[in-house]
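The residues making up each chain are set out below.
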Amino acid sequence: MARIVMKFGGTSVADVDRIRNVARHVKREVDAGHEVAVVVSAMAGKTNELVSWTREAAPMHDAREYDTVVASGEQVTSGLLAIALQTMGVHARSWQGWQIPVRTDNAHGAARIVDIDGARLIERFGQGQVAVIAGFQGVGPDNRVATLGRGGSDTSAVAIAAAVKADRCDIYTDVDGVYTTDPRIEPKARRLARISFEEMLEMASLGAKVLQVRSVELAMVHNVRTFVRSSFEDPDAPGMGDFDNPPGTLICDEEEIVEQQVVTGIAYAKDEAQISLRRVADRPGVAAGIFGPLAEAGINVDMIVQNVSEHGASTDMTFTVPSGDLDKALAVIEQRRDTLGYDAVQSEAGLVKVSVIGIGMRSHAGVAATAFRALADKGINIRAITTSEIKISILIDGPYAELAVRTLHSVYGLDKQ
Ligand code: ADP
Ligand code: ASP
Ligand code: MG
């Protein structure tokens, strides 16, 4: 007997029929004698709809009330799955975040889990009950419902797995694992049997939305054995209940990966915007003067490029922010025009960041040069570059996104044979 947390995403619970299918996956594990807790997302598209209603009510609104509205999607699916399980004879009960409780900080709309009390869940395991938990939500220090940011049910699942010391956390979704790149963009993408925590962290933070970044961080810190697998396969097909080797992708320590490739995957993030400040004074404190106020305004600055100044007097500073934050960022910069002393601001939205990821890069030279050559051959212009030990990120014009992803995927030999 083992303890398993199973998480089902929006497309897996998109309607009552699919919820019944999910119940069959759960029943399979229960019948095998395992202790099971389930985490569910809202029905596909529901959270978007709820978010749009809050915006319609008022473009700028109270984040606590946003949370009250958007957390409701998961309440519905947790109840429906509990009903479906009960109908199949499985002893099940739904749980909202506050009932466990999943305690979060006060950052409504993008809260972080600070503590989960696993005691009551473990007690229910002892009574043979399946807990069906509403993902994406917890309760803040103000005793109000708080949500974990988009895609947050993944994080709920991994955090619960850590809290109850589960043997495994299975993230069921609409693809059968983590691929070398988004299979919707590149049909030649290959499913990875394993991927390291570090690489998955980069893939997720650089745009692969298959797992929320925070869930990978938690899995890494608490060493949660996490699989990404499909809910669309027949729940009773051979091998589906294989405990040691379930179908899907295992996220694991680097040491567990036998055949290490130089490049593991390609990720992309749409909707980046670029801001350039022309002829900024070249003196100590200028970067702090620009990026301090942007950080205070909650704007995530990503790639930063500062030119070498020509005569030691002034320089150009270019950086990227999410397109959605562009207007806010420009307003912050405009407010500080006098203290910063720049000549002009230029900006452009709708750009894309493509990234090449792989821990094998640490010990290989020339990986970046290969990317630049391949993109140049396709006539794709590079606007900015950043690198780390295990990734290269390249900013390009929006319309070239798919071509760039496919080009890089093929040049590093990731295409399916
Ligand atoms: P869920 O609703 O189950 O949480 P998401 O839509 O959040 O599902 O994540 C699954 C989607 O992630 C897939 O449909 C796929 O298009 C996308 N995706 C992006 N990059 C990758 C990748 N490298 N491997 C697998 N899926 C990816
Ligand atoms: N329903 C939430 C969202 O769409 C959480 C999740 O699906 O993980 O962001
Ligand atoms: Mg998701």
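Structure: see above.
Cut-offs used in this document
Residues numbered from 1 in each chain as written. Chains lettered and ligands numbered in written order. Predicted model: local features only at pLDDT ≥ 70, side-chain atom pairs only at ≥ 80, totals over all residues. Heavy atoms only, no water. Pairing = 2+ DSSP bridges. Helix = DSSP H or I, 4+ residues; strand = E, 2+ residues; numbered from the N terminus. Axes fitted to C-alpha atoms, helices over the stretch in contact; angles between N-to-C directions. Contact = heavy atoms within 4.5 Å. 1 Å grid on protein atoms, 1.4 Å probe; cavity = no way out; pocket = protein on both sides within 12 Å on 5 of 7 lines; lining within 4 Å. Points joined across faces, edges and corners; volume = space filled by probe spheres on them. Nonpolar A, V, L, I, M, F, W, Y, C, P; charged D, E, K, R; others polar. Buried < 20%, exposed > 50% of the residue type's maximum accessible area, 1.4 Å probe, protein only.

(A) Representation of the sheet that holds strand β17 (residues 384-388). Read from one edge of the open sheet, six strands run β14-β15-β13-β16-β18-β17, paired in antiparallel fashion. Among the strands making up the open sheet, the edge pair consists of β14 (304-306) and β17. Going from strand to strand, the sheet's axes swing by 25° on average, the running direction of each strand aside. With three bridges joining them, β14 and strand β15 (residues 314-322) adopt antiparallel strand pairing. Its bridge partner lying in β15, isoleucine 304 is registered against phenylalanine 319. In this fold helix α9 (residues 286-296) packs onto β13 (265-281), β14 and β15, with an angle of close to 20° to the strand it touches most, β15. The strands touched by helix α10 (residues 326-335) within the sheet are β13, β15 and β16 (344-357), with β13 carrying the most contacts at an inclination of about 20°.

(B) The arrangement of the layout of surface pockets in detail. Its volume calculated, the second largest pocket comes out at about 410 Å³. Leu192, Arg194, Ile257, Glu259 and Gln261 are the residues nearest the centre of the second largest pocket, which is lined by 18 residues in total. Split into classes, the residues belonging to the lining of the second largest pocket amount to nine nonpolar, five polar and four charged.

(C) Here's a closer look at helix α7 (residues 197-205). Buried residues dominate α7, accounting for seven of its nine residues. The set of residues buried in α7 consists of Phe197, Glu199, Met200, Leu201, Glu202, Met203 and Ala204. Trailing α7 by a residue or two, glycine 207 shows a phi angle of about 125°, which is positive.

(D) Up close: the environment of glutamate 259. Relative to the helices and strands, glutamate 259 resides in the loop between β12 (249-252) and β13. Looking at glutamate 259, the relative accessible area reads 69%, which means it is exposed. In the structure, glutamate 259 is positioned 65 residues away from arginine 194 in sequence and 9.7 Å away in space, judged by C-alpha atoms.

(E) Broad picture of unusual backbone geometry. At the junction of isoleucine 100 and proline 101, the peptide bond is cis and its omega measures out at -10° in the coordinates. Within the fold, proline 101 resides in the loop between β3 (92-95) and β4 (102-104). The backbone of phenylalanine 136 sits at a positive phi, close to 75°, despite the residue not being glycine. By the secondary structure assignment, phenylalanine 136 is in the loop between β6 (130-134) and β7 (137-139). Looking at phenylalanine 136, the relative accessible area reads 3%, which means it is buried. One non-glycine residue, asparagine 223, lies in positive phi territory at about 50°. On the basis of relative accessibility, which here comes to 51%, the residue asparagine 223 falls in the exposed class.

Function-wise, these values are silent; they only describe arrangement.
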